[in-house]
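In case you want the letters, here they are:
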Amino acid sequence: MELLFRIAVFVPVLFLVALVVVAQQHATADATVKAAVVRTGRWVVWSVVLLVSMTLLELLFIGW
Amino acid sequence: MVDANQNDPAKGNGLPAFIMGFVPGLLQWQLGQKSRAALALASCSAVLFLGWLVVGERLFYWGLTVPDGSSSFDNLAQLGLPVLPEILNLPAQVLGALLSFDGSATGLRMQRLPRDLEHLAGWVTAASGMLAAFWAAAGHWQLRLRRDGAAGARPVADPALCAGLSWIVPGLGHARAGQKDKGVVMGAAVAVVFALGLVFSDGHAVDRAQYGVWWIGQNLFGGGSLFAALVTGPMRSVATPIDLDLGIVLCTVAGLMNLVVMCDAYTVAERSVFPLAAGGGAAEQEGAEA
């Protein structure tokens, strides 16, 4: 439950961080929000890749 | 990447100018702006000592290293050098430290003694450091104008002022520089992350006396840390909230997000004088269409 809660917080916060990051390359709010959605999607994918890699490393070096 | 005048916007003003930025008004003095130099030094010193009247030597306890009579960093700590962001206001900070440091056992105990109104006073001393940074940014902007042959140019708004406004209210600097809707989006993003942090921590995430190192990042959102200093900081803590760690991290992330907002507000105003070369950025094309 705690993990679900943290994921529920993580994704919206990721979007808000993406808004600020991509805004540097855009001049209007519209373009910023659209670019932030795309960037959030990309960051979520990378987050999952990182999570899976770390879990695999844990299994490899520590075990189940 | 170069701007439309073939100047490299990423090129700095050099190390001496950077170092001079730590002394409020020195850059203005160098530029021949004597009255602005005096105003910069006086304003930064006055704000620092206003807060110092309340917190005094307790400021040493909020540094990255605390003088305890045995650490090899004691000499630095005694000069108040590890205390951020006050260090950006170097002369007043060092003078205050020299005047008030007491290395005796009683003096070290006094550093640990909470003061009335210390949350607000701690914010005020930190504001002097931020104010010094904005004065330095203003000096660097003037140097840049001279270096790149645009001494008479008038930007849409003063870049350093835009950055300073964004420190208090994220996005206000963008509104001042003509990008109001983008400023609202960026400001809302910072404010929501900061508010989430306060909610998850039951208001205890932003507390200089308790989490001083995290507070350095949180204070990059000056309006948020001021709210916390006035409202949530003095609240009595009866139990450790279960998501305190999450709250502290979120408030710090919000502060770091606001650092990006401040830099972008400066850049937006800067580009009104030094636009990027044709095809240099999507922002310029959107700005032209808007």
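Residues numbered from 1 in each chain as written. Chains lettered and ligands numbered in written order. Predicted model: local features only at pLDDT ≥ 70, side-chain atom pairs only at ≥ 80, totals over all residues.

## Some thoughts on the overall build of chain A
Which entries qualify depends on this criterion: Secondary structure is summarised from DSSP: a helix means a run of H or I of at least four residues, a strand means a run of E of at least two, and numbering begins at the N terminus for each. Every radius of gyration here is taken over C-alpha atoms, with the globule rule written as 2.2 Å times N^0.38, N being the number of residues. To sort residues by burial, count the other C-beta atoms lying within 10 Å of each one's C-beta; a count of 20 or more means buried, 12 or fewer means exposed, and anything in between means partly exposed. C-beta atoms are built from the backbone.
Summing up its helical and strand segments, chain A has two helices and zero strands in all. Here chain A has a C-alpha radius of gyration of 15 Å; the compact-globule value for 64 residues is 11 Å, and the former is much larger. Taken over the C-alpha atoms alone, chain A extends approximately 50 × 25 × 15 Å along its principal axes. Evaluated residue by residue, chain A yields a buried proportion of 23% over its 64 residues.

## What about the overall build of chain B?
Short version of the rule: Any pair of residues counts as being in contact when their C-beta atoms, constructed from backbone geometry, are within 7 Å of one another.
When helices and strands are tallied, chain B shows 15 helices and zero strands. Projected onto its principal axes, the C-alpha coordinates of chain B cover approximately 65 × 45 × 30 Å. Contacts in chain B between residues far apart in sequence, at least 24 positions, make up 71% of those at least 6 positions apart.

## Examining the environment of Gly129 of chain B
Residue and element names in this part refer to chain B. By the secondary structure assignment, Gly129 is in helix α8 (residues 118-147). Its 23 C-beta neighbours within 10 Å are what place Gly129 among the buried residues. In sequence terms Gly129 and Glu270 are 141 residues apart; their C-alpha atoms lie 23 Å from each other. Among residues more than four places away in sequence, those in contact with Gly129 are Pro85, Glu86, Ile87, Leu88 and Asn89.

## Regarding the packing of α8 of chain B against helix α9 (residues 159-168) of chain B
All names here are of chain B. What counts is decided by this rule: The axes used here are C-alpha line fits, helices contributing only the stretch in contact, and every angle between their N-to-C directions lies in the interval 0 to 180 degrees. Oblique is the label for any angle not covered by the other classes, which are roughly parallel (under 35 degrees), roughly antiparallel (over 145) and roughly perpendicular (65 to 115). Each crossing gets its hand from how the near helix is turned against the far one by less than a right angle, where anticlockwise is left-handed and clockwise is right-handed.
The N-to-C vectors of α8 and α9 enclose an angle of 155 degrees; their axes lie 8 Å apart at closest approach. As the angle between them shows, α8 and α9 are arranged roughly antiparallel. In this structure, α8 crosses over α9, and the sense of that crossing is right-handed. Contacts between α8 and α9 involve Met130, Phe134, Ala137, Ala138 and Trp141 from the first element and Pro159, Ala160, Ala163, Gly164 and Trp167 from the second.

## What about the interface of chain A and chain B?
Facing 17 residues of chain A, the contacting portion of chain B comprises 23 residues. Elements with a minimum of two residues in the side of chain A that touches chain B: α1 (2-23) and α2 (29-61) of chain A. Examining the composition of the side of chain A that touches chain B, we find that eight residues originate from one element, α1 of chain A, more than from any other.

## Overview of α2 of chain A
All names here are of chain A. Formally: Residue count minus one, scaled by 1.5 Å, sets the expected span of a helix.
In this model α2 runs 47 Å from its N-terminal to its C-terminal C-alpha over 33 residues, within 8% of the 48 Å that 1.5 Å per residue would give. Buried within α2 are the following residues: Ala29, Ala31, Thr32, Ala36 and Thr40. Phi for Gly63, located one or two positions after α2, is positive at around 100 degrees.

## Concerning the domain arrangement of chain B
Residues and elements named next belong to chain B. Note the following rule: Domain limits in this description derive from either an automatic procedure or a database domain assignment.
Assigned domains of chain B: these are domain 1 (17-152) and domain 2 (154-277). Measuring from the centre of the C-alpha atoms in domain 1 to the corresponding centre in domain 2 gives 20 Å. Between domain 1 and domain 2, the residue contacts involve 19 residues of the former and 22 residues of the latter.

## As for the nonpolar core
Selection rule: A set of buried Ala, Val, Leu, Ile, Met, Phe, Trp, Tyr and Cys residues, joined through C-beta atoms within 7 Å, is what we mean by a nonpolar core.
Ranked by size, the top nonpolar core spans 86 residues in total, and within it Leu19 of chain A together with Val190 and Val193 of chain B carry the most contacts. The element that contributes the greatest number of residues to this core is α8 of chain B, accounting for 15 residues. Filtering out sequence-adjacent residues up to four positions away, Val193 of chain B remains in contact with Val13 and Leu16 of chain A together with Leu250, Val253, Ala254 and Met257 of chain B.

## Considering unusual backbone geometry
All names here are of chain B. Here the bond from Leu84 into Pro85 is cis, since omega is 0 degrees, no more than 30 degrees from zero. In this structure, Pro85 sits in the loop between α5 (74-78) and α6 (90-100). Look at Asp202: it is not a glycine, yet its phi comes out positive at around 55 degrees. Tracing the backbone through its elements, the reader meets Asp202 in the loop between α11 (180-200) and α12 (212-218).

## Overview of α1 of chain A
Taking 1.5 Å as the rise per residue, α1 of chain A with 22 residues should run 32 Å; its terminal C-alpha atoms sit 32 Å apart, in good agreement. Turning to α1 of chain A, its buried residues are Val13, Leu16, Val17, Ala18, Leu19, Val20, Val22 and Ala23 of chain A. Those residues of α1 of chain A that are buried are in contact with α2 of chain A together with α11 and α14 (244-270) of chain B.

## Remarks on the packing of helix α3 (residues 34-55) of chain B against α6 of chain B
All names here are of chain B. Cut-off, in case you're wondering: For this classification, the nonpolar set comprises Ala, Val, Leu, Ile, Met, Phe, Trp, Tyr, Cys and Pro, the charged set comprises Asp, Glu, Lys and Arg, and every other residue, Gly included, is treated as polar.
Contact geometry of α3 with α6 gives a least axis separation of 9 Å together with a crossing angle of 35 degrees. Regarding α3 and α6, the two cross each other, and that crossing is right-handed. Across from Cys44, Ser45, Leu48, Phe49 and Trp52 in α3, the residues of α6 making contact are Ala92, Gln93 and Gly96. Considering only residue class, the contact of α3 with α6 consists of five nonpolar, three polar and no charged.

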